[in-house]
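Coordinates in review
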Amino acid sequence: MSKTSATEWAEKVKANDRMAAAKLISAIERKEQAARDVLKRLLVPVGKAVVLGVTGSAGAGKSCLVSCLISAYRKRGKTVGVIAVDPSSPFTGGAFLGDRLRMHAHGRDRGVYIRSMASRGYLGGLARGAVDAMRVMEAMGHDVVIVETVGTGQDEVDVARLVQTCLLVLTPNMGDDIQALKAGIMEIAQVVVLNKADMPGKQKALLDLEVALKMRRVGGEGWPVPVVPAVATTGEGIDEVMDQIERHQVHMRKGDGLEQYAFRKAEKEGSVIIKDEIERVIFDHIRGTGLRRNYLDRIVAGRIDPYTAVEEVMALFIKKSRKKIKVQ
Ligand SMILES: Nc1nc2c(ncn2[C@@H]2O[C@H](COP(=O)(O)OP(=O)(O)OP(=O)(O)O)[C@@H](O)[C@H]2O)c(=O)[nH]1
Ligand SMILES: [Mg+2]
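Here we come to the side chain of Arg115. On the secondary structure map, Arg115 appears in strand β3 (residues 112-117). The class of Arg115 is buried, set by a relative accessible area of 1%. Within the structure, the side chain of Arg115 is placed 3.3 Å from the backbone oxygen of Ala22, a separation counted as a polar contact.

This is the structure in C-alpha cells:
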C-alpha cells in the first residue's frame, strides 16, 4: 500500500469517518499489511479518552451493562466507541450487535460506534486485534472507549490491562466466577458490578465478595474496590456504577497515574505485538525453503520434538539476523 493512501486512510479515521474505521478494523481482523500501515499513522495521546473494560463470564450481562453505560454517557453529551470481543456472540465483523445484546437502540445514534470483533478462528490473535481496534476507536476521537471481553483466558486479562478502569461483572450464582476470582481476574478489576441483583442469592454473593476482596490487595495502589449491585436490564444501580467509574478516573488521573497507565499500556501493547511479529517474521524468513515442512515431517515421524524444532529454527534465524543492538 502506498504511503499516500495509508496516510489518507488514517486521516479519514481521525476525522471520525465510520466507513474508513470499519474497513480498517476488518483489515485488522484479516491481519493485512495495509492495516499495519494505517495503524502506524494513528498516534493517539494517552488519556484523552476514558478507556473502560467490561469483563466477566459468559451471560453475566456485560452487553446489557455496556448498553446502560452508553445511554448514561450519551446523556452527558459524550461520544462512545465500543468493541465487543465476544467468542460466544453469533455476530461477526461489521455487524451491529443484535437484539439479545440490547445495543441496537444505539444503532442510529451518530455519537455511538459499536463494533464486534470476529474472534472465532483466531489463536492468540484475539488480544492483538482488540489492541489495534482500541487504537482505532481512540483515534476516531470518541470521548469514551469501552471494550467488552469474556473474562476467562489470558487474552482477556491482557485486554483488561490495557484499559484505565476495568469493570468485572459478576452474578449472584457465581459458581464459575469464584473460579475466575481464583484465577486472578479479580486483581485487575477496579469496580465489581454484582449484576442480576434481582435474582436470588444477592446478599450471600455480596458477603462472599466482601470477604474475597478483603483477602487481597486489589485494584491498584490506594484504591479499595467497590462492589455495586445492579440490574442491567432495567438500569437499576447504573448511576452508582457511573459514580464509581468517575471516582476511579479521578483517582487514576491524579499524580503520575496517567503516566503509569501509559507505561503499563505501552508495555502490554509491545509484548502483544512482538509475539505476533516474531512469528510472522520467522515464518516469512523460512517461507519457500521447505524447512517448515521438513520439521513438521520429522515431528510427525517422532524423530524430533517440537521444542527442539523451534529452538533450531530460532537459532538459524537469530544467527542470520543478529546485529549489534543500540539503544537510542
Ligand atoms: N434478570 C436479569 N437478567 C439480566 C440482567 N442483565 C442481563 N440479563 C440477561 O442475561 C442475558 C445475557 O445478557 P448479556 O448482556 O447478553 O450478557 P453478556 O455477558 O454480554 O453475554 P456474552 O456476551 O454472551 O458473554 C440476557 O438474556 C439478559 O436479558 C439482570 O440484571 N437481571
Ligand atoms: Mg455480550
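Turning next to the coordination of the magnesium ion (ligand 2). A metal bound by six donors in octahedral fashion has ideal angles of 90 or 180 degrees, whereas one bound by four tetrahedral donors has an ideal angle of 109.5 degrees. Protein-derived coordination of the magnesium ion (ligand 2) comes from Ser63 (OG) and Glu148 (OE), at a distance range of 2.1 to 2.2 Å. Taken together, the residues span a long stretch of sequence, with Ser63 in helix α4 (residues 62-75) and Glu148 in strand β4 (residues 144-150) at a distance of 85 residues. This pair shows no difference in class: Ser63 is buried, exactly as Glu148 is.

Below, the discussion takes up the side chain of Thr55. Counting through the fold element by element, Thr55 comes out in strand β1 (residues 50-56). The exposure class of Thr55 is buried, given its relative accessible area of 3%. Engagement of the side chain of Thr55 in a polar contact is seen with the backbone oxygen of Thr149, the distance being 3.3 Å.

Looking now at the nonpolar core. Side chains of a nonpolar character, in soluble globular proteins, are inclined to be buried together. Counting residues in hydrophobic clusters, the biggest one holds 43 residues, and the most contacted among them are Trp9, Val13, Leu24, Leu42, Ile83 and Val136. Here this core takes 8 residues from helix α5 (residues 126-139), the largest share from any one element. Summarising the domain contributions, this core has at least three residues from each of domain 1 (1-42) and domain 2 (44-255). Setting aside residues up to four positions removed in sequence, Leu42 forms contacts with Ala10, Val13, Lys14, Leu24, Arg135, Val136 and Ala139. In terms of nonpolar packing, the next biggest core, distinct from the first, is built from 29 residues, Cys64, Val144, Val169 and Val228 among them.

Looking now at the sheet that holds strand β5 (residues 165-170). Think of a sheet as strands paired side by side through backbone hydrogen bonds, with each pair either parallel or antiparallel. If you walk across this open sheet you meet the 7 strands as β3-β2-β4-β1-β5-β6-β7, and the pairing is parallel. Because the sheet does not close on itself, it has two edges, and the strands there are β3 and β7 (227-229). Here the average twist between neighbouring strands, direction ignored, is 20 degrees. Looking at chain direction, strand β2 (residues 80-85) and β4 are connected through 6 bridges and run parallel. Each bridged residue has a counterpart across the sheet, and for Ile83 the counterpart in β4 is Val147.

With that out of the way, let us pick up helix α1 (residues 3-14). The terminal C-alpha atoms of α1, which comprises 12 residues, lie 16 Å apart, in line with the 16 Å expected from a rise of 1.5 Å per residue. All buried positions along α1 are accounted for by Ala6, Trp9, Ala10 and Val13. The buried residues of α1 occupy an angular sector of 100 degrees when projected down its axis, which confines them to one face. The exposed residues of α1 that point more than 90 degrees off its buried face are Thr4 and Glu8. Looking at the residues trailing α1, positive phi occurs at Asn16, about 65 degrees.

Conventions we followed
Residues numbered from 1 in each chain as written. Chains lettered and ligands numbered in written order. Predicted model: local features only at pLDDT ≥ 70, side-chain atom pairs only at ≥ 80, totals over all residues. Heavy atoms only, no water. Helix = DSSP H or I, 4+ residues; strand = E, 2+ residues; numbered from the N terminus. Buried < 20%, exposed > 50% of the residue type's maximum accessible area, 1.4 Å probe, protein only. Polar contact = N/O pair within 3.5 Å; in protein donor to acceptor, adjacent residues only side chain to side chain. Donors = N, O, S within 2.8 Å, 3.2 Å for Na, K, Ca; no water. Core = buried A, V, L, I, M, F, W, Y, C linked by side-chain atoms within 4.5 Å. Domains from an automatic or database assignment. Contact = heavy atoms within 4.5 Å. Pairing = 2+ DSSP bridges. Axes fitted to C-alpha atoms, helices over the stretch in contact; angles between N-to-C directions. Expected span 1.5 Å × (residues − 1). Arc of directions from axis to C-beta.

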